[in-house]
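Each chain, written out:
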Amino acid sequence: MQGFPSPAAEPVSQQLPTPSAAAPPWGSGKASGEGPWSQGGVHAHGSGGGGTLWLLSLTPHKLAVLALFEKYLIDLDQESGRVKYPVTALLLEQIGSLNDAAASLEGLFQFFSEIEAVTMREDELTSRFNPATPFGTYIKLTMNDLNDLKRDPPSAFVFLQAMREYLRDGQPVEEEIVSRKPSNSVRSLLDSERALDAEVKALADNTSDLSPEDLQRRIEHLRRTPVDPRADWTSYLNCLRANDYQGSLQSLQRYFMHSTKDDGQNWVHHYGLLNTACLYARFNHRELALETIDRAIPLAQGMNDTPCLTILRNLKHRLKRMPNNRVHEKRFELTTAATADQVSAEDAPQRSVDDLNIARQNLETACDPMSVFICLTSSLNLNIHHSIEEVSGTERLLRADVWKQYGNSTLAALYADLYITYDRDHSADDKPLGLCLLAQHHATQGNHKMALDVLETAKRLYPPFVSGTASDKWMATLLDIMFQRALRRNELRHAELYTSQYAAIAEGNADMSSAVALQGALLARRWGRPDEAFRSISEISDSAARGSLPDTRMLVECNLQLADLHLEANDAASALRLALSSITLSSQHSLRPHHERALITAASCMTTLGLRDQARRTLDAVMPRIHSIADPSLSAEAALVDATSILDLHAHDPPRFRTLRPDGDLKAVVMPSIEDAAAEFERLEDLSGLERTATLRVIVCLRCGDVEAAEEMVKEVERLEEVMMRRRNEPVLKDGARRIVDVTKGALKMADVFL
């Protein structure tokens with residue numbers, strides 16, 4: 001949810017338990033600044049209670065700034081373009097001018113005329129400044145309010161009093177966060193709109209600096225003004241943050257009452273009921289939610305609002321299927337093949353969609369994986385029995401996403417391929433997801449040519465700049481794949497280019513922005529700036545932990561990256577704490593790839609700390625199952641940690657080492673792991689991994705007394721370091737960014753340019 005609500009919001013199936021799933025735009029859908037007060041004249045803006053005068057833009061502080069600029073224009077030497085007096089002198093002199101203007105109403109009007117004279121052209125019809133520029137807009141809005149005040153002496157007198165307070169107190173009264181309110185003040189409607197917009201964004205992003213109580217006091221001050229609907233919506237979000245049911249309900253009802261009054265159209269009503277039903281559902285008032293939905297459905301049908309009608313029916317089915325309306329409800333009725341015929345053909349499609357929605361919800365809220373697969377199986381049985389082709393594709397795509405999260409890349413790719421191959425009628429939002437999942441699988445296996453061929457299909461189906469967010473998804477996947485490849489190849493400047501292009505696509509998308517920030521941190525680490533990397537990753541971690549539904553996957557990823565930084569800094573104890581935390585989180589949320597990776601990191605920390613028994617037990621548990629994840633990078637890292645642990649036993653605990661190999665043959669024990677790691681790193685073109693593997697080979701050869709082989713491997717280490725240094729400093733072609741754009745929107749083949 002970003003900004004003020006829109007009727008084109010995401011389906012409730014993706015948003016519950018957030019009750020602001022869909023709502024009409026602020027007011028009657030007009031642009032900012034076109035509310036009911038934009039009819040000209042001060043009285044159209046209105047004066048609030050307690051002597052507050054509301055103008056569109058003008059405040060005493062803004063008038064003072066404009067007065068200073070007027071003095072600047074008068075004193076400007078037109079021939080030389082230089083100011084005759086220094087800025088300090090202008091400021092001191094201008095204070096006297098403002099005091100004269102604040103002496104009387106006539107003085108204020110005279111001051112208005114002087115400002116108008118220097119801001120208008122000689123014909124006195126047009127402004128000297130381009131109204132399209134920021135300062136031109138500032139002049140235009142200010143002069144409009146000045147002209148309104150000239151025609152309204154009572155309001156001008158209120159402004160005069162506020163001007164005197166401003167000069168006496170030395171602070172702009174419109175910037176007070178009011179716990180006390182001056183007897184006479186002037187406030188700007190546009191400034192208040194911007195302030196409320198900022199608070200709404202902060203609430204949506206979980207970054208609000210004010211406590212719910214402080215923010216509510218500020219909102220209540222604004223409620224007695226013409227910006228009431230914005231204040232009501234902000235109050236609704238604030239009360240929701242504080243779990244204040246009564247406050248949320250009252251603010252939401254006031255918001256839609258004002259919207260209905262201003263707009264006078266029927267479409268507002270059913271969106272108001274939809275949001276109210278979502279609010280009831282959020283606070284577990286199931287019967288009230290169902291009753292409200294039943295009232296909203298006929299209104300949506302009367303307006304032929306199919307999207308809203310779909311959301312309402314979907315929500316109704318979900319509430320009926322979940323009696324307690326708990327997000328973490330784990331008891332579900334499984335529709336088996338034997339019972340699927342008991343569901344009518346009319347209800348079956350919605351029942352199947354409902355099962356998929358619950359599966360998605362449970363996947364995102366750390367429920368037991370069994371509950372996810374129960375819902376998927378239930379949907380599948382209904383689809384087969386009733387031949388529901390339009391839902392079958394969504395079920396396959398969700399299975400692909402489920403298997404990706406639960407650590408089976410092969411099955412994830414299989415279901416994504418089935419979705420792409422057999423489903424012809426995809427939505428513009430779904431099809432790129434299947435293609436992206438398949439491309440990511442190929443890239444993870446080191447098959448970059450196949451990954452780019454898949455994304456080539458996405459480019460053909462969803463051309464950039466004409467396909468909306470669909471094209472953003474495959475372009476983001478392309479840039480992420482190429483970033484990871486460049487990082488492994490140590491082509492850091494190329495990686496920087498891909499990150500900068502990704503950032504342009506990610507603007508406004510929180511998940512993508514977090515991914516871009518993490519890429520920047522990884523680059524800082526590679527460039528040898530660990531402090532910068534640590535700060536960036538810590539900020540990403542803090543952001544991921546905020547909110548009612550934290551991003552656990554990103555949180556675990558950040559913990560593991562921080563653990564790697566601590567290990568590089570020889571602080572294995574701190575790294576181990578982060579690894580153990582990651583093990584707990586990934587286990588609770590069924591993030592199997594992250595769980596295995598956290599175990600490997602923990603084993604590495606234990607080896608460094610001399611906890612050899614614990615390290616071996618951990619590795620003995622994780623090594624047999626690591627290959628089932630089908631992630632070559634993870635398998636190679638596990639093999640390296642295993643080899644390092646064996647070398648440590650050989651050096652510091654010979655009796656324990658002989659339990660692994662009674663004859664004491666070090667090469668026979670450790671070289672298979674090193675060879676496996678080298679093969680995977682070679683497949684991925686991972687130069688850093690190959691260099692670490694070669695270094696371990698040197699150590700093994702020296703331990704075994706094979707000096708000649710060790711010298712050969714030292715040469716290999718030196719060669720790899722030279723290649724890494726050369727690629728690290730390799731500049732990007734001047735038209736590198738242009739080539740990326742040409743590839744994404746033109747006829748150039750991705751593989752021909754990137755590989």
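Treat the numbers as computed from the prediction; the structure is a model and nothing was measured.

1. Some details on the overall build of the chain
Consideration 1: Scanning the chain for helices and strands turns up 34 helices and two strands.
Consideration 2: Residue burial in the chain is summarised as follows: out of 755 residues, 50% are buried.
Consideration 3: Residue pairs at least 24 apart in sequence account for 65% of intrachain contacts in the chain once pairs closer than 6 positions are excluded.

2. Quick word on the packing of helix α14 (residues 348-364) against helix α15 (residues 369-386)
Consideration 1: Viewed as axis vectors pointing N to C, α14 and α15 meet at an angle of 160°, and their least axial separation amounts to 8 Å. Here α14 is positioned roughly antiparallel relative to α15, judged by the angle of their axes. Crossing handedness for the pair α14 and α15: left-handed. Facing α14, whose interface residues are A348, R351, S352, D355, L356, I358, A359, N362 and L363, α15 presents S371, V372, C375, L376, S378, S379, L382, N383 and H386.
Consideration 2: Residues that form the contact of α14 with α15 fall into these classes: nine nonpolar, seven polar and two charged.

3. Quick word on the side chain of E596
Consideration 1: Checked against the element boundaries, E596 lands in helix α26 (residues 592-609).
Consideration 2: Look past the residues within four positions of E596 in its chain and what remains in contact with it is V622, R625, I626, I629 and L634.

4. Structural notes on the packing of aromatic side chains
Consideration 1: For the structure shown, the criterion picks out six aromatic pairs.
Consideration 2: A connected cluster of aromatic rings, assembled from ring pairs, spans W233, Y236, Y255 and F256.

5. Comments concerning the pattern of salt bridges
Pairing is possible between side chains of opposite charge, provided their charged atoms come close.
Consideration 1: Counting across every chain of the model gives 27 salt bridges.
Consideration 2: A salt bridge links R616 to D642, with the nearest nitrogen and oxygen atoms 2.8 Å apart. Of this pair, R616 sits in helix α27 (residues 612-622) while D642 is found in helix α28 (residues 632-652), placing the two residues 26 residues apart along the sequence.
Consideration 3: The exposure class of D642 is buried, given its relative accessible area of 8%.
Consideration 4: A single salt-bridge network, built from bridges that share partners, covers R485, R489, E491 and E685.

6. Notes on the nonpolar core
Consideration 1: One finds L455, W474, I481, F483, Y502 and L523 to be the most contacted residues of the largest nonpolar core, which totals 40 residues.
Consideration 2: If you list the elements that add at least two residues to this core, you get α16 (389-405), α17 (409-422), α18 (431-444), α19 (448-461), α20 (469-488), α21 (492-506) and α22 (510-526).
Consideration 3: When residues in this core are grouped by element, the largest group, 11 residues, is from α20.
Consideration 4: Beyond its immediate chain neighbours, meaning those up to four positions away, I481 contacts A439, Q440, A443, H448, A451 and L455.
Consideration 5: C558, L585, A615 and L634 belong to the second largest nonpolar core, which has 38 residues in total.

7. Description of the packing of α20 against α22
Consideration 1: At a closest axis distance of 12 Å, the pairing of α20 and α22 adopts a crossing angle of 15°. With respect to α22, the axis of α20 lies roughly parallel. For the crossing formed where α20 meets α22, the hand is left-handed. Every residue of α22 that contacts α20 at D472, K473, A476, D480, F483 and L487 is listed here: M512, Q519, L522, L523 and R526.
Consideration 2: Among the residues forming the contact of α20 with α22, the class breakdown is six nonpolar, one polar and four charged.

8. Comments concerning the environment of E596
Consideration 1: According to the relative accessible area criterion, E596 is buried, its value standing at 2%.
Consideration 2: When the C-alpha positions of E596 and A621 are compared, they lie 9.9 Å apart, and in sequence the two are 25 residues distant.

9. Looking at helix α25 (residues 572-588)
Consideration 1: In a regular helix each residue adds 1.5 Å, so 17 residues correspond to 24 Å; α25 covers 24 Å between its end C-alpha atoms and thus fits that length.
Consideration 2: For α25, the complete set of buried residues consists of A572, S574, A575, L576, L578, A579, S582, I583, L585 and S586.
Consideration 3: Immediately downstream of α25, the backbone of S590 shows phi near 55°, a positive value.

10. Points about α15
Consideration 1: Between its first and last C-alpha atoms α15 spans 26 Å; for 18 residues at 1.5 Å apiece the expected length is 26 Å, and the two agree.
Consideration 2: Within α15, the full set of buried residues consists of S371, V372, F373, C375, L376, S378, S379, N381, L382 and N383.
Consideration 3: Residues of α15 that are buried sit in contact with α14 and α16.
Consideration 4: Looking one or two residues past α15, S387 carries a phi angle of roughly 55°, positive in sign.

11. Side note on the side chain of T693
Consideration 1: Relative to the elements of secondary structure, T693 occurs in helix α31 (residues 687-703).
Consideration 2: Exposure remark for T693: the relative accessible area of 1% places this residue in the buried category.
Consideration 3: Here G689 takes part through its backbone oxygen, which lies 2.7 Å from a polar atom of the side chain of T693.
Consideration 4: Contact partners of T693, with chain neighbours within four places excluded, come to L640, I674, A677, A678 and F681.

12. What about unusual backbone geometry?
Consideration 1: The phi dihedral of N284 is positive, around 65°, even though this residue is not glycine.
Consideration 2: With respect to the secondary-structure elements, N284 resides in the loop between α11 (267-282) and α12 (286-302).
Consideration 3: Although it is not a glycine, N570 adopts a positive phi angle of roughly 60°.
Consideration 4: By the element assignment, N570 lies in the loop between α24 (552-568) and α25.
Consideration 5: You can call N570 exposed: its relative accessible area is 73%.

13. Brief notes about the confidence of the model for the chain
Consideration 1: In this model, the chain carries an average pLDDT of 76, and 73% of its residues clear a pLDDT of 70 or more.
Consideration 2: Across the chain, element-level confidence peaks in α26 with a mean pLDDT of 93 and bottoms out in helix α1 (residues 42-45) with 40.
Consideration 3: The model gives residues 1-50 a pLDDT under 50, and that stretch makes 123 contacts with residues more than four places away or in other chains.

Rules behind the numbers
Residues numbered from 1 in each chain as written. Predicted model: local features only at pLDDT ≥ 70, side-chain atom pairs only at ≥ 80, totals over all residues. Heavy atoms only, no water. Helix = DSSP H or I, 4+ residues; strand = E, 2+ residues; numbered from the N terminus. Buried < 20%, exposed > 50% of the residue type's maximum accessible area, 1.4 Å probe, protein only. Contact = heavy atoms within 4.5 Å. Axes fitted to C-alpha atoms, helices over the stretch in contact; angles between N-to-C directions. Parallel < 35°, antiparallel > 145°, perpendicular 65-115°, else oblique. Left-handed = near helix turned anticlockwise from the far one by under 90°. Nonpolar A, V, L, I, M, F, W, Y, C, P; charged D, E, K, R; others polar. Phe/Tyr/Trp six-rings, centres within 6.5 Å; stacked < 30°, edge-to-face > 60°. Salt bridge = Lys/Arg side-chain N within 4 Å of Asp/Glu carboxyl O. Core = buried A, V, L, I, M, F, W, Y, C linked by side-chain atoms within 4.5 Å. Expected span 1.5 Å × (residues − 1). Polar contact = N/O pair within 3.5 Å; in protein donor to acceptor, adjacent residues only side chain to side chain. pLDDT = per-residue confidence, 0-100.

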